[in-house]
Amino acid sequence: MTNGNAATGLRDLNAGIPDADQLKGAVSAVYDDVVSWSRTGDFWNWGMHCDELLTELNGLHPGFNAGVSDGFSEQLYYQALRGLPYSRDDFRTLNVLEVGCGMGEGLNFLTRLVDPARAVGLDLSTAAVRRANAILARGERLSYVEGDAESLPFADAEFDLVINVESSHNYPHVDRFFHEVARVLKPGGHFTHIDVFDPRSYPRFQKLQQEVDAFEWAYERDVTENVKESIRRRMAPGSFFRREYARKQMPLRARIIGGLGGGHYAGADFIGHRDPVSRILELARIRPKFVGEYESYRHHVARRA
Ligand SMILES: C[S@@+](CC[C@H](N)C(=O)[O-])C[C@H]1O[C@@H](n2cnc3c(N)ncnc32)[C@H](O)[C@@H]1O
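Residues numbered from 1 in each chain as written. Predicted model: local features only at pLDDT ≥ 70, side-chain atom pairs only at ≥ 80, totals over all residues. Heavy atoms only, no water.

The name given to the protein chain in an unreviewed UniProt entry is Methyltransferase type 11 domain-containing protein, with Lentzea guizhouensis as the source organism.

## Here we look at the packing of helix 4 (residues 72-79) against helix 6 (residues 105-113)
How two helices pack is summed up by the angle between their axes together with the distance between the axes. Two elements in contact, helix 4 and helix 6, have axes whose closest approach is 10 Å; the angle formed by their N-to-C orientations is 65 degrees. With respect to each other, helix 4 and helix 6 are oriented roughly perpendicular. Every pair of crossing elements has a handedness; the one defined by helix 4 and helix 6 is right-handed. Here helix 4 contributes Glu-74, Tyr-77 and Tyr-78 to the contact with helix 6, which in turn contributes Gly-106, Leu-107, Phe-109, Leu-110 and Leu-113. Here the contact of helix 4 with helix 6 is composed, by residue class, of six nonpolar, one polar and one charged. (Axes fitted to C-alpha atoms, helices over the stretch in contact; angles between N-to-C directions. Helix = DSSP H or I, 4+ residues; strand = E, 2+ residues; numbered from the N terminus. Parallel < 35°, antiparallel > 145°, perpendicular 65-115°, else oblique. Left-handed = near helix turned anticlockwise from the far one by under 90°. Contact = heavy atoms within 4.5 Å. Nonpolar A, V, L, I, M, F, W, Y, C, P; charged D, E, K, R; others polar.)

## Concerning the UniProt feature "domain: Methyltransferase type" (unreviewed entry) in the protein chain
In the numbering used here, UniProt assigns the "domain: Methyltransferase type" (unreviewed entry) feature to residues 97-191. Taken end to end, residues 97-191 has its terminal C-alpha atoms 10 Å apart, with 32% of it in helix and 29% in strand. (UniProt positions renumbered as here; feature names shortened; annotations may be inferred.)

## Brief notes about the pattern of salt bridges
Note that side chains of opposite charge can pair when their charged atoms are close. This structure, assessed with the given rule, holds 24 salt bridges. Where Arg-233 meets Glu-229, a salt bridge forms, and the shortest distance between an N and an O atom there is 2.9 Å. Here Arg-233 and its partner Glu-229 are both found in helix 10 (residues 224-235), four residues apart, which amounts to about one turn of the helix. Arg-298 serves as the salt-bridge partner of Glu-295, at 3.7 Å between the closest nitrogen and oxygen. For Arg-298, a relative accessible area of 11% puts it in the buried group. (Salt bridge = Lys/Arg side-chain N within 4 Å of Asp/Glu carboxyl O. Buried < 20%, exposed > 50% of the residue type's maximum accessible area, 1.4 Å probe, protein only.)

## Description of helix 15 (residues 276-283)
Restricting attention to buried positions, one finds in helix 15 the residues Ser-278, Leu-281 and Glu-282. Along the axis of helix 15, the buried positions cluster into a sector of 100 degrees, meaning they face one direction only. Every exposed residue of helix 15 that faces more than 90 degrees away from the buried side is listed here: Pro-276, Ile-280 and Leu-283. Where helix 15 ends, the next residue or the one after it, Arg-285, has phi of about 60 degrees, a positive value. (Arc of directions from axis to C-beta.)

## A short note on the confidence of the model for the protein chain
Averaged over all residues, the pLDDT of the protein chain is 92; the fraction at 70 or higher stands at 94%. Across the protein chain, strand 1 (residues 95-99) holds the top mean pLDDT of 99, while helix 1 (residues 9-15) sits lowest at 43. Scored below 50 in pLDDT, residues 1-17 shows 66 contacts in the model against residues more than four places distant or in partner chains. (pLDDT = per-residue confidence, 0-100.)

## Brief notes about the site of the ligand
In the neighbourhood of the ligand, 22 residues make up the surrounding shell, with Trp-44, Asn-45, Gly-100, Asp-123 and Ser-167 lying closest. Gly-100 places a polar main-chain atom, nitrogen or oxygen, 2.8 Å from a nitrogen atom of the ligand. Computed on the free molecule, the ligand has an accessible area of 600 Å², of which 99% lies beneath the protein chains in the complex. Those elements that place two or more of their residues in the shell around the ligand are helix 2 (20-37) and strand 2 (118-123). For the shell around the ligand, a count of residues per class yields eleven nonpolar, seven polar and four charged. (Near = heavy atom within 4 Å. Polar contact = N/O pair within 3.5 Å; in protein donor to acceptor, adjacent residues only side chain to side chain. Areas by Shrake-Rupley, 256 points an atom, 1.4 Å probe, with all protein chains shown as cover.)

## Notes on the environment of Asp-42
Among the secondary structure elements, Asp-42 is positioned in the loop between helix 2 and helix 3 (51-60). By relative accessible area, Asp-42 is classed as buried at 2%. Separated by 164 residues in the primary sequence, Asp-42 and Gln-206 place their C-alpha atoms 31 Å from one another. At 2.9 Å, the side chain of Asp-42 and the side chain of Lys-248 are in polar contact.

## Observations regarding the packing of aromatic side chains
Taken as a whole, this structure holds 27 aromatic pairs when the rule is applied. Taking the centre distance of 5.9 Å and the plane angle of 50 degrees together, the rings of Phe-64 and Phe-109 count as tilted. Residue Phe-64 is found in the loop between helix 3 and helix 4, and its partner Phe-109 is found in helix 6; the two are separated by 45 residues along the sequence. Of the two residues examined, Phe-64 and Phe-109, each falls in the buried class. When the ring centre of Phe-270 is taken as reference, the NZ or CZ atom of Lys-228 above it lies at 5.6 Å. Cation over ring: Arg-298 sits above Tyr-202, and NZ or CZ is 4.1 Å from the ring centre. (Phe/Tyr/Trp six-rings, centres within 6.5 Å; stacked < 30°, edge-to-face > 60°. Lys NZ or Arg CZ within 6 Å of the ring centre and 35° of its normal.)

## Considering the environment of Ala-266
One can find Ala-266 in helix 13 (residues 263-266). Residues Ala-266 and Lys-289, 23 residues apart in the sequence, show an inter-C-alpha distance of 16 Å.

## Brief notes about the sheet that holds strand 4 (residues 159-165)
The seven strands lie next to each other as 3-2-1-4-5-7-6, forming an open sheet whose pairing is mixed. Strand pairing shows two members of the sheet lacking a second neighbour, strand 3 (142-146) and strand 6 (215-222), which therefore form its edges. Across the sheet, the mean angle from the axis of one strand to that of its neighbour is 15 degrees, orientation sign disregarded. As defined by bridge partners, strand 6 adjoins strand 7 (residues 296-304) across seven bridges and the pair is classed as antiparallel. Looking at the pairing, Asp-222 lines up with Arg-298 of strand 7. Against the sheet, helix 7 (residues 126-135) contacts strand 2 and strand 3, and its axis sits at roughly 160 degrees relative to strand 3. (Pairing = 2+ DSSP bridges.)

As structure tokens, this is what we get:
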């Protein structure tokens, strides 16, 4: 799987790039590029590992990842359903939107677990949306659209649930995104948000939680250690992730960025992991050195008032 935060969004924000449109252009260009070497079935997140979650998931969908993935990214998507008040029956009547869906695999996976009336994935990357529609779309039940999280192309109160997984750290104005989510959600609907934070973005997020009246925050879980465990397992010699990474048809520049074993895409910076080749490439200034700092990786759920 190409599980990874391929965008350098967090780093770019840390560097203080002022132009939001420029940043969005760079993010969509990076992800368009990632599509060109991604394989069907690839998620683009760091994943998480939690024994309890995995047992539950195997109970719901035995062999859910057999032969196709290491299952960590699916666990992260399953975590996104935690803290929501819906039974599997309830889901059958829900309209669900995922913002920042990548190539659509996460939303597709969730529709195999629960079966919403309508599921729509939105992403900034034209190529990711094209790939998702070509491979995963199922008419009205599951579709993908191109768009910007800060200006959602949907009517007021169109959705019951909005999902956002490891994407919002790329948005220049998370406040605009929050207001857009509040607008497209029905009163009583829910917003489930998962992302990585740095020491500046987490206080900003907490401030927004207080400022945006439309949301009542109902659930929080710090999954930092679970995400780190996923990354550690992916970075272990001979892991499924490393084997898949080695098989990818990637251009040289993408491999240089990814490093030996694809640590950049797997989130190795989050655990402070550096393979020797990456160290040398960084010292030679061929591969950019990670200079940021992380705070945590968290899941929050809010109810639309
Ligand atoms: C790390 S990937 C996560 C993809 C997917 N959620 C997953 O977990 O596999 C981040 C995604 O956010 C998308 N993204 C970044 N900025 C966006 C924006 N302003 N609006 C919509 N999508 C955006 C990127 O194109 C990318 O597909």
